[in-house]
Amino acid sequence: MKPDDALLARLDPDIAPRVLRLVEAETTPSHLLEPAQVRAAFLRARQPLRRPPVPLDIEDVGITVDGAPLALRLYRPRRPRPPALLYLHGGAFTNGDLDSHDATCCLLAMEAGVMVASVDYRVLPGHPFPAAFNDTVGALRWLHEQAEALGADPARLAVGGDSSGANLALAAALETRGRIPLRAMWLAYPIIGIDFETPSYRENANAPLLTRARCRRILRDYLGREPGPGDSRVAPLLAPDFTGLPPAVAVAAELDPLRSDAEILADRLRAAGAACELVRAAGMPHGFLRWVADSAASRRIAVRSAQALAALLD
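All residue numbers here refer to positions counted from 1 along the written sequence of the relevant chain. For a predicted model such as this one, the threshold for reporting local features is a pLDDT of at least 70, and the threshold for listing and counting side-chain atom pairs is 80 or more; totals across whole chains, interfaces and linings nevertheless cover every residue. Only hydrogens and water are set aside when side-chain values are computed; all heavy atoms of the structure are taken into account.

Draft legend 1. Looking closely at the environment of V119. Here V119 shows up in strand β4 (residues 115–119). Distance from V119 to G165, taken between C-alpha atoms, is 9.6 Å for residues 46 residues apart in sequence. Once residues within four sequence positions are removed from consideration, V119 is found in contact with L70, A71, L72, L86, Y87, L88, H89, L98 and A139. To qualify as a helix, a DSSP run of H or I must reach at least 4 residues; to qualify as a strand, a run of E must reach at least 2; elements of each kind are numbered from the N terminus. Contact criterion: two residues are considered in contact whenever any of their non-hydrogen atoms come within 4.5 Å of each other.

Here you go:
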């Protein structure tokens, strides 16, 4: 099923041609595909990383979590003792890797002045829940313990991600609340709830790049069954109490089924006493940050969100 024409017509002109190319290339709706098929399609489409010169020191490192190796990529701005941000990439708990979100991590490191530690966490189909969650919590503990040795400021630690990565970031913040002091969160178009009748799920049910049916499938594939009220590690909005979480920046894309998840998150954080700046991305679909390196519109919104993160960490 093709996206609603009315939604396609509302796309930002800078993004529209890119989105339409992806829409026209789709043969089978992704909610009908098994995780192995989704992952295989991602791997076939991968391109070699092409990074323009950036004023960062970038290094791939390996750590151990629960006795297993885990790869991270560090993006260090050339400034003394920057804050540190643990970054979890999006991709429906199935796609994505260190290279797929390299441009986003570079932008955050440069524009927010943070050392970014991007995590190559385990994904579907080979690693069902709680593998990605455990990797995230383990990486956050490692960064907390090693920030000083890495040249970062351990008193200014943040966690963030986009889409499923934002889910993992928020779930880890809830899991380590009271044990790892976080100063901020950066969460872009997060998939964090199981209420599929929110305003944006209804308005954008057949949106370009992500549909309501696909969101249902993502969470079901991640957990291995339909998530329910007790599954807050899978759907963090189910957590009964947000008290003690740090302030956040939440990015909400207008033409995204998940827009309301970001809005609800902002309301929940504020009600719990934490500030949350909601960065609204007019005319944007889910996943628009994938074009941050070559779309002026995408970059403009990303820079605004990075500056908001920097203010929280200042």
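Draft legend 2. Broad picture of helix α2 (residues 16–25). Only protein chains enter the calculation, and the probe is 1.4 Å; a residue is then buried if its accessible area is under 20% of its type maximum, exposed if over 50%, and partly exposed in between. All of the buried residues in α2 are A16, R18, V19 and V23. Relative to the axis of α2, the buried residues are bounded by an arc of 165° and lie together on one face. Looking at α2, the residues exposed on the side facing more than 90 degrees away from the buried face are R21, E24 and A25. Directions drawn from the helix axis to the C-beta atoms are what define this arc.

Draft legend 3. Spotlight on the nonpolar core. Among buried residues, the Ala, Val, Leu, Ile, Met, Phe, Trp, Tyr and Cys ones that are joined through side-chain atoms within 4.5 Å form a nonpolar core. Core analysis: the biggest nonpolar cluster contains 68 residues, and L72, L86, L143, M185, L265 and L269 have the highest contact counts within it. When residues in this core are grouped by element, the largest group, eight residues, is from helix α6 (residues 164–176). Counting residues in each nonpolar core, the second largest holds 45 residues, with I15, Y87, A112 and V292 among its members.

Draft legend 4. Focus on the sheet that holds strand β7 (residues 248–255). Any two strands are treated as partners once DSSP identifies two or more bridges connecting them. The strand order across the open sheet built from eight strands is β1-β2-β4-β3-β5-β6-β7-β8, with neighbouring strands paired in mixed fashion. Only two strands of the sheet have a single neighbouring strand rather than two, namely β1 (56–65) and β8 (276–285). Each adjacent strand pair in this sheet contributes to an overall mean axis angle of 20°, direction not counted. Pairing analysis gives five bridges linking strand β5 (residues 157–162) to strand β6 (residues 184–188), with the strands arranged parallel. Within β6, the residue paired with G161 across the bridge is L187. Fitted lines through C-alpha atoms give the axes, limited to the stretch in contact for helices. The angle between two N-to-C directions lies from 0 to 180 degrees. Contacting β3 (84–88), β5, β6, β7 and β8, helix α10 (residues 296–313) crosses the sheet at an angle of about 175° to β8.

Draft legend 5. Inspection of the state of the cysteines at higher detail. Disulfides are defined as pairs of cysteine sulfur atoms found within 2.5 Å of each other. Across all of its chains, the model carries zero disulfides by this definition. Here C215 stays free of any disulfide, with the sulfur of C276 as its closest cysteine sulfur at 19 Å. Given the relative accessible area of 0%, C215 is considered buried.

Draft legend 6. Local environment of the pattern of salt bridges. A carboxyl oxygen of Asp or Glu within 4 Å of a side-chain nitrogen of Lys or Arg is what we treat as a salt bridge. As enumerated under the stated definition, the model contains 25 salt bridges in all. R81 is the salt-bridge partner of D153, the closest N and O atoms lying 3.4 Å from each other. One end of the pair, D153, is in the loop between α5 (131–146) and β5; the other, R81, is in the loop between β2 (68–77) and β3, and 72 residues separate them in sequence. Note that E263 is salt-bridged to R259, the shortest N-O span being 3.4 Å. In this pair, E263 and R259 both sit in helix α9 (residues 259–271), four residues apart, roughly one turn of the helix.

Draft legend 7. Broad picture of unusual backbone geometry. Between L124 and P125 the backbone carries a cis peptide bond, its omega angle lying at 5°. Along the chain, P125 turns up in the loop between β4 and α5. Here the amide bond leading from F129 into P130 is cis, since omega sits at 10°, within 30 degrees of zero. Within the element layout of this structure, P130 appears in the loop between β4 and α5. Its identity as a non-glycine residue notwithstanding, F93 has a phi of 60°, on the positive side. Relative to the elements of secondary structure, F93 occurs in the loop between β3 and α4 (102–112). Although it is not a glycine, S163 sits at a positive phi angle of roughly 60°.

Draft legend 8. Expanded view of the packing of α4 against α10. As a packed pair, α4 and α10 sit with axes 8 Å apart at the nearest point and diverge in direction by 50°. When the axis of α4 is compared with that of α10, the two are oblique. Between α4 and α10 the crossing geometry is right-handed. Contact residues: L107, L108, M110, E111 and A112 in α4; R299, A302, V303, A306, L309 and A310 in α10. The residue makeup of the contact of α4 with α10, split by class, is nine nonpolar, no polar and two charged. The scheme is simple: roughly parallel for angles under 35 degrees, roughly antiparallel for over 145, roughly perpendicular for 65 to 115, oblique for anything else. Helix crossings get a hand from a simple test, with the near helix turned counterclockwise from the far one by less than a right angle marking a left-handed crossing and a clockwise turn marking a right-handed one. Amino acids outside the nonpolar list (Ala, Val, Leu, Ile, Met, Phe, Trp, Tyr, Cys, Pro) and the charged list (Asp, Glu, Lys, Arg) are all regarded as polar, and Gly is one of them.

Draft legend 9. Structural context of the side chain of S163. Position of S163 relative to the elements: it lies in the loop between β5 and α6. For S163, a relative accessible area of 9% puts it in the buried group.

Draft legend 10. Geometry of the pairing of β5. Burial analysis of β5 places six of its six residues in the buried class, which makes it a mostly covered element. Across the two faces of β5 the burial is the same, with L157, V159 and G161 and A158, G160 and D162 all buried. Across five bridges, the pairing between β3 and β5 is parallel. When the bridges of β5 are listed, Y87 appears paired with G160. The handedness rule is simple: strands pointing away from the viewer, and a clockwise path from the first strand over the helix to the second, make the crossover right-handed. Handedness of the crossover joining β5 and β6 through α6 is recorded here as right-handed.

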